[in-house]
Amino acid sequence: AAAAVSPDDNTIATLSRPGARLKFWSMETGTLQYSVTILSEGTADASMAYSPDGTIVAVAVGEHVYTYATGGNYDLGVQMQHVVRGERGAKTVRFARHTEEMIVQWTDVIQVYDASISSTNTSTPSSPTNGGITPRFSVDQPNGVLRILCMDVSDWGTELALGFQGLDAIHIYSYDGTTAPTYLRSLSGHTGGVKDVAYGFKATSIVSAGFGMTVKLWSQSNGEEVKQLQIGAEGSAAANPERVEISNSGLIAVGTSTGKTKLYTAWTSASCRPSGKGTMLALESCSKAEFLRNGCTETSCGQLQCPGSFETRARELCTHSDQYMVTNDGK
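In this text, all values refer to a predicted model and were calculated from it rather than measured experimentally.

J.: Where do I start with the overall build of the chain in this structure?
T.: From N to C terminus, the chain includes two helices and 29 strands. Buried positions account for 47% of the 331 residues belonging to the chain. Within the structure as shown, the chain displays about 15,300 Å² of accessible surface, and the carbon and sulfur contribution to it stands at 48%.

J.: Hey, could you run me through the pattern of salt bridges in this one?
T.: In a structure, side chains of opposite charge can pair up when their charged atoms sit close to one another. In the structure shown here, the tally under the stated rule is six salt bridges. Between D152 and R94 there is a salt bridge, with its nearest N and O atoms 2.9 Å apart. Within this pair, whereas D152 is found in strand 13 (residues 148-153), its partner R94 is found in strand 9 (residues 90-96), the two being separated by 58 residues in sequence. Just as D152 is buried, R94 falls in that class too.

J.: So what exactly am I meant to see when it comes to the sheet that holds strand 9 here?
T.: The strands that make up a sheet pair up through hydrogen bonds in the backbone, lying either parallel or antiparallel. On the basis of which strands lie adjacent, the open sheet formed by four strands has the order 9-10-11-12 and antiparallel pairing. Each edge of the sheet is formed by a strand with only one pairing partner; in this case those strands are strand 9 and strand 12 (137-140). Sheet twist, expressed as the mean angle between neighbouring strand axes with direction ignored, is 20 degrees. Two elements, strand 9 and strand 10 (residues 101-106), share six bridges in a ladder whose sense is antiparallel. Looking at the pairing, A96 lines up with E101 of strand 10.

J.: What exactly am I supposed to notice about the packing of aromatic side chains here?
T.: All chains considered together, the criterion is met by two aromatic pairs. Centre to centre, the rings of F137 and Y175 are 6.0 Å apart; their planes meet at 75 degrees, and the pair counts as edge-to-face. Here F137, found in strand 12, pairs with Y175, found in the loop between strand 15 (170-174) and strand 16 (182-187); they are 38 residues apart in sequence, far enough to count as distant. Look at Y173 and Y183: their rings are 6.0 Å apart centre to centre, the planes differ by 80 degrees, and that puts the pair in the edge-to-face class. Taken together, the positions of Y173 in strand 15 and Y183 in strand 16 put the pair ten residues apart, joining distant regions of the chain. A relative accessible area of 8% places Y173 in the buried class. On the accessibility criterion, Y183 (46% relative accessible area) is partly exposed.

J.: I would appreciate a short explanation of the nonpolar core in the present structure.
T.: Where a protein is soluble and globular, its nonpolar side chains tend to be buried together. Within the largest apolar cluster, 17 residues are counted, with the highest numbers of intra-cluster contacts made by L22, I38, M48 and V57. Elements supplying a minimum of two residues to this core: strand 1 (2-5), strand 2 (11-16), strand 3 (21-26), strand 5 (47-50), strand 6 (56-61) and strand 7 (64-69). Core analysis: the next-biggest nonpolar cluster, separate from the first, contains 15 residues, A49, F95, W106 and V109 among them.

J.: In this structure, what is going on with the environment of T107? I would like to understand it.
T.: Here T107 shows up in the loop between strand 10 and strand 11 (109-114). Its relative accessible area of 10% is what places T107 among the buried residues. Taking the C-alpha atoms as reference points, T107 and A90, 17 residues apart in sequence, are found 6.6 Å from one another.

Cut-offs and rules
- Within each chain, residues carry numbers counting from 1 in the order of the written sequence.
- Side-chain atom pairs in this predicted model are given and counted only at pLDDT of 80 or more, local residue features only at pLDDT of at least 70, and totals for whole chains, interfaces and linings cover all residues.
- Side-chain descriptors were evaluated using all non-hydrogen atoms of the structure, hydrogens and water having been removed beforehand.
- Numbering of helices and strands runs from the N terminus; a helix is a DSSP stretch of H or I covering at least four residues, while a strand is a stretch of E covering at least two.
- Throughout, exposure labels follow a simple rule: accessible area from a 1.4 Å probe, protein chains only, divided by the maximum for the residue type, with under 20% read as buried, over 50% as exposed, and the rest as partly exposed.
- Where accessible areas are quoted, they stem from the Shrake-Rupley method and a 1.4 Å probe; at the residue level, only the protein chains shown are allowed to cover.
- Here, a salt bridge means any side-chain nitrogen of Lys or Arg that lies within 4 Å of a carboxyl oxygen of Asp or Glu.
- Pairing between two strands requires that DSSP report at least two bridges joining them.
- Fitted lines through C-alpha atoms give the axes, limited to the stretch in contact for helices. The angle between two N-to-C directions lies from 0 to 180 degrees.
- Stacked, tilted and edge-to-face are the three classes applied to pairs of Phe, Tyr and Trp rings, where Trp contributes its six-membered ring and a pair requires centres within 6.5 Å; stacked means planes under 30 degrees apart, edge-to-face means over 60, and tilted covers the rest.
- What makes a nonpolar core is a set of buried Ala, Val, Leu, Ile, Met, Phe, Trp, Tyr and Cys residues whose side-chain atoms join them at distances within 4.5 Å.

So, in structure tokens, the structure goes:
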């Protein structure tokens, strides 16, 4: 199963058994807007992602990556655009915001594709074809490595974080959109390999899941380990971390081998942790001075604490994601 939220937070796309149906739901009402059948068999190791402008959703499942044009108008349906086929299975799909390219993790290679897919292709192929899409760049695994286990892409797509079978370090690659991604540095500290990796808000932090029931938080700027979480056992069962994500508000979500998801805080200091009831907003192109003039106060950790009534005005002042703001209703 897999899910992806549209950039405007209005729609969530899901893929689950049975029937491998791709469904689009309203985030506000929870109603189903549209659904299509994925051609690939099964949904094991499925991954989904929206393009930065929200007009394309990509689904990696089985040996294929499917791209669909949403156009934002679900009354007109969702049109399949292209199918990319790999030889050894599609594991993860992401988009790079600064180049609007699609980055796919196959079992043994990372490939970068042009995501500017023509919206005039409205046909739905009866069998998977490559549809003319060829990768612009590829990143092969290091010598002696059999598989790429995990991948994530930073917010703007300028960095890739990869985990390889048999290697204890996370490998970081830089990407400028003009040449193939190049090796930058390694984050070493796990024992037995890395199962999953995820970038935090604006790529200031990286969280990783390793064997041995450990999750690590890293500083993106210097590659140093900031915090280690020991996941521990659940009764007699070992709760090995399988998947990790980190939210804008500093929460680390860990999906474990027991089927449960655990939440941890990424804050290293209790004084920096948001408190009180409210909403965390990730905003972009904001004027801090304008926030302060509207009754907000800045905390010692660089957050802005604002009245709940300021949320609508805050969205008008900003475009989408540069600094944290906590709205508090005073309760």
